[in-house]
Amino acid sequence: MAISLGSVGIGKLQLGSTAVTKAYLGSTQVWPVASGVASVTISEPGVIRLPQAGTGGCTQRSVSPAGGTGFTCNATFSQISGSTLFECTSISSITNAGSGYSVGDVITLDITAVPDSREITYVELTVASLG
């Protein structure tokens, strides 16, 4: 059975930037299932000038496509072999899942303790799952 709202099928409906994946018939309300980030993959490890390797707090600089907000995490940085520069090698924890995300969104990080001039290229994460 296909569900539609006028000429728009349920697969194309959105609440803000969140795709509607379930609708409850007989109800006047529609809820998105999940929109907070549960897991990510590193799609761009970044190149950063740091004094030493370690783990630090990061906030969301931007998201593409627009929509998700509030994501924060702790990222681990290791020295790039043969270089004095560092890159993100893992996300040790998600400290705030945020809201409004979809699987496949790309989150660009801002390393909280590092001045912008030290981030040669930014770390980018791809949302792998929602929770």
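It should be noted that the structure appears before, not after, this text.
Notes on the structure follow. Fair warning: this is a prediction, and the values are worked out from it, not measured in the lab.

Between Ser64 and Pro65 the backbone carries a cis peptide bond, its omega angle lying at -5°. Note that Pro65 resides in the loop between β7 (54-64) and β8 (72-79).

For the rest of this paragraph, the subject is the pairing of β7. Relative to β8, β7 runs antiparallel, the two sharing six bridges. In the sheet register, Thr59 faces β8, and the bridge partner there is Thr72.

On to the pattern of salt bridges. A complete count under the given rule lists two salt bridges for this structure. Between Arg61 and Asp110 there is a salt bridge, and its shortest N-O distance comes to 2.9 Å. Pair noted here: Arg61 is in strand β7 and Asp110 is in strand β10 (residues 106-111), with a separation of 49 residues, a long-range link. With relative accessibility at 31%, the residue Arg61 sits in the partly exposed group. The class for Asp110 is partly exposed, based on a relative accessible area of 22%. In this structure, the salt-bridge partner of Arg61 is Glu119, at a minimum N-O distance of 3.5 Å. With Arg61 in strand β7 and Glu119 in strand β11 (residues 119-121), this pair connects stretches of sequence that are 58 residues apart.

A few words on the side chain of Ser35. Mapping Ser35 onto the fold places it in the loop between β4 (18-19) and β5 (37-44). With relative accessibility at 19%, the residue Ser35 sits in the buried group. A polar side-chain atom of Ser35 sits 3.1 Å from the main-chain amide nitrogen of Gly100.

On inspection of all chains with the given rule, the structure shows zero disulfides. Unpaired in terms of disulfides, Cys73 finds its nearest cysteine sulfur in Cys58, a separation of 4.7 Å. Free of any disulfide, Cys88 has its nearest cysteine sulfur in Cys58, 6.8 Å distant. Cys88 sits in the buried class, given a relative accessible area of 3%.

This part covers the pairing of β8. Across a regular strand the side chains alternate sides, sitting on one face of the sheet and then on the other. Note that β8 and strand β9 (residues 86-96) share eight bridges and pair antiparallel. Paired with Gln79 across the bridge in β9 is Phe86. Here β8 folds back onto β9, and the loop between the two strands holds six residues, one of which, Gly82, carries a positive phi near 75°.

Criteria and cut-off values
Residues numbered from 1 in each chain as written. Predicted model: local features only at pLDDT ≥ 70, side-chain atom pairs only at ≥ 80, totals over all residues. Heavy atoms only, no water. Helix = DSSP H or I, 4+ residues; strand = E, 2+ residues; numbered from the N terminus. Pairing = 2+ DSSP bridges. Salt bridge = Lys/Arg side-chain N within 4 Å of Asp/Glu carboxyl O. Buried < 20%, exposed > 50% of the residue type's maximum accessible area, 1.4 Å probe, protein only. Polar contact = N/O pair within 3.5 Å; in protein donor to acceptor, adjacent residues only side chain to side chain. Disulfide = S-S within 2.5 Å.

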